[in-house]
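Residue strings, one per chain:
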Amino acid sequence: MGIFLTPAVLGSMIIKQYSRNVSSTVGAIPTKDCAYKVKEEISPPRGWVKHSQPAPDHKIVLKIALPQPNFSELERHLYEVSDPDHERYGQHLSKEEVEELVAPHPESLDSVNEWLSSFGFTDDDLVRSAAKDWVTLKVPVSLAEKMLDTKYHVWKHTESGDYLVRTTTYSLPTNLHDHVELIQPTTMFGRFKPDKSNIFKATPIPDSLIQASKGESPINAASGITVDPSCNSIITITCLQQLYNAVGFTPSAKGNSIGITGYLGQFANLQDLQSFFADERPDALNSSFKFISVAGGQNNQSLAAAGDEADLDVQFAFGLSHPISPTFFSTAGSPPFTPDDDTPTDTNEPYTTWLDFILSDPSPPLTISTSYGDDEQTVPLSFAQRACAGFAQLGARGVSLTFSSGDFGVGDGNPDPATQTCITNDGRNLTKFIPAFPASITSVGGTSHIPEVAVATFFSGGGFSNYFSRPSYQDDSVKDFLNTLPKGTYAGLFNPFGIPDVSAQADLFKVFIGGGAFLIGGTSAASPTFAGFVALLNDVRLKAHLPPLGFLNPFLYSKGFEGLNDITSGNNAGCGTPGFNATKGWDPVTGLGTPNFGKLKELVVQN
């Protein structure tokens, strides 16, 4: 689909053509001697201690981000094509158009090439993204230390025992500072993890629980229809269809698709999927999903290797959206890293590995759910901004992304001031709410029970990002909420970018794992659930000969809220406080609310 090419876009097209014509040999320009200057420096993160020195030949996969001088233009396109009140709504950009908008300046390409060649690298040693805005290379840590004028250490996380090879500062030649946005892994201490509650893990289902609700009266849901009483004990596909007003809807549009991301050695087991379909979605029996390996991601199908996170995600996302075309992405990396291993299993943030892959895909799934995240403060600001720029590229292309908001309320899930652990990582050791990363996508919080309330077995991740300014589409909703707070409430503990955007059921999900049925709780369940209904909404639009929804938030805050069930009870404790309360309208516990598909399917096709 064509777009109006602004001067900035035309300029970036010239840049890309220039980059195709430069010599393929790194180092065509003579090396310049230039003094080093610190590029990034952080305080040692709280909870991490130096453990040892890595072996000199320990391999690191360095990822170098070059600046995207026209990103503001991409952002403008993103908001225009995502705003249902804009004349360009739905006119998503092509892969090539997006790449033109994020291409680096030729001078940046030349400067980085020159620097790399001074260490003996040739083009054959490098992997470049399609837009040439990322350069990836594998180097021994001893060489990385010379390139970055730094010293790496093996760091140990005292609570979990996890290990990372990282540094707290790195430098670059002064003439490179304007041509390199960031280099990782350096200062990134995130412990990338599934957003599944540590309080309510996978629990076998007792027979007594299955029998308990028989004979009880149906429950009235906010959608106006009745829900089976068993849904207050066990959540199934049928429960979600009833609760969210989608009973009887069967998607049939051509070209629709949904994807689930898998990390950390989480394998989606096909036998478990068939057991789930037999139990909850018989019409889907013998159907499967497309498996895609990212950077060597494995597909271990032994029942012993079945992943609780992966099984949860594919069973509910694909069960709700059947027969929409499903894909599971398995991204390489199987922590924990062991400090005495010769070669680490993973030393990089897997978001960027997956983003590199999916941005190069000419036809990514139209809806993608991710149930993994980090504490925002463990992610350097430069990295957070660059990762979210990648998510923006997908949104501009018409892809809807949902992420679970986390399971620890406004920070650590602990309401006790004496034992809370919400301490800043900036060396000041201040108490502050700790939001989850990422924030600038569609963040999905958690509810439970019928009628719905904010989940209380654990606490729905929510609050306010400390990194990102509030987007305009949130202004009215967030201001209305803030006006309900007594003056001075939690002063200094948060900033005004609100999380989550929406919510869905997040507890007591019946999942088949390793051949058995278990109950799982966590916003890990909420994100694939909401994504399943987004895929159904895309079906409605595609059948009406309309483009897919793409980046959801501008629609949700301007029109879509009318098709959401407002959740007004519950809270999300943490950091020694009760957290925030769910209330009328948007709130930083359950967002705008849970889906009412019957209403949303009318809203998504309105002019």
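See the structure shown above.
Residues numbered from 1 in each chain as written. Predicted model: local features only at pLDDT ≥ 70, side-chain atom pairs only at ≥ 80, totals over all residues. Heavy atoms only, no water.

> Explain the pattern of salt bridges to me, and be specific about the residues and the numbers.
All chains considered together, the criterion is met by 15 salt bridges. Across the pair Asp 356 and Lys 63 runs a salt bridge, and its minimum N-O distance is 2.3 Å. You can see Asp 356 sitting in helix α10 (residues 350-360) and its partner Lys 63 sitting in strand β3 (residues 59-65), a full 293 residues away along the chain. Here Arg 386 makes a salt bridge to Glu 181, at a shortest N to O gap of 3.1 Å. Of this pair, Arg 386 sits in helix α11 (residues 381-396) while Glu 181 sits in the loop between β8 (169-173) and β9 (182-184); the two residues are 205 residues apart in sequence, bridging distant segments of the chain. One network of salt bridges, in which partners are shared, links Glu 73, Arg 76, Glu 80 and Arg 88. (Salt bridge = Lys/Arg side-chain N within 4 Å of Asp/Glu carboxyl O. Helix = DSSP H or I, 4+ residues; strand = E, 2+ residues; numbered from the N terminus.)

> Before we move on, can you summarise the packing of aromatic side chains with the specific residues and values?
Summed over the entire model, instances satisfying the criterion amount to 26 aromatic pairs. Here the aromatic rings of Phe 533 and Phe 597 are separated by 6.4 Å at their centres, their planes lie at 45 degrees, and the arrangement is tilted. Of this pair, Phe 533 sits in helix α13 (residues 523-543) while Phe 597 sits in helix α15 (residues 597-603), placing them 64 residues apart in sequence. Here the two residues Phe 533 and Phe 597 agree in accessibility, since each one is buried. A connected cluster of aromatic rings, assembled from ring pairs, spans Phe 433, Phe 464, Phe 481, Tyr 490, Phe 580 and Trp 586. (Phe/Tyr/Trp six-rings, centres within 6.5 Å; stacked < 30°, edge-to-face > 60°. Buried < 20%, exposed > 50% of the residue type's maximum accessible area, 1.4 Å probe, protein only.)

> Explain the sheet that holds strand β11 (residues 203-204) to me, using residue names and the numbers behind them.
The sheet built from three strands is open, its strands ordered β11-β27-β26 with antiparallel pairing. Of all strands in the sheet, those bounded by a partner on one side alone are β11 and β26 (509-513). Bridge count for β11 against strand β27 (residues 516-520) is two bridges, and the pairing is antiparallel. Note that in β27 the partner of Pro 204 across the bridge is Phe 518. (Pairing = 2+ DSSP bridges.)

> Residues and numbers for the state of the cysteines, please.
Within the structure shown, the criterion is met by two disulfides. Cys 231 shares a disulfide with Cys 239; S-S distance 2.0 Å. Judged by the sign of its S-S torsion, about -90 degrees, the cystine formed by Cys 231 and Cys 239 is left-handed. Each disulfide pairs two cysteine sulfurs, and for Cys 422 the partner residue is Cys 575, the sulfurs being separated by 2.0 Å. Measuring handedness by torsion sign, the sulfur bridge of Cys 422 and Cys 575 sits at about -75 degrees and is left-handed. Of the two residues, Cys 422 sits in the loop between β19 (400-404) and β20 (436-437) while Cys 575 sits in the loop between β28 (564-565) and β29 (594-595), which places them 153 residues apart along the sequence. Disulfides within the protein link the bonded cysteines, taken in sequence order, as 1-2, 3-4. (Disulfide = S-S within 2.5 Å.)

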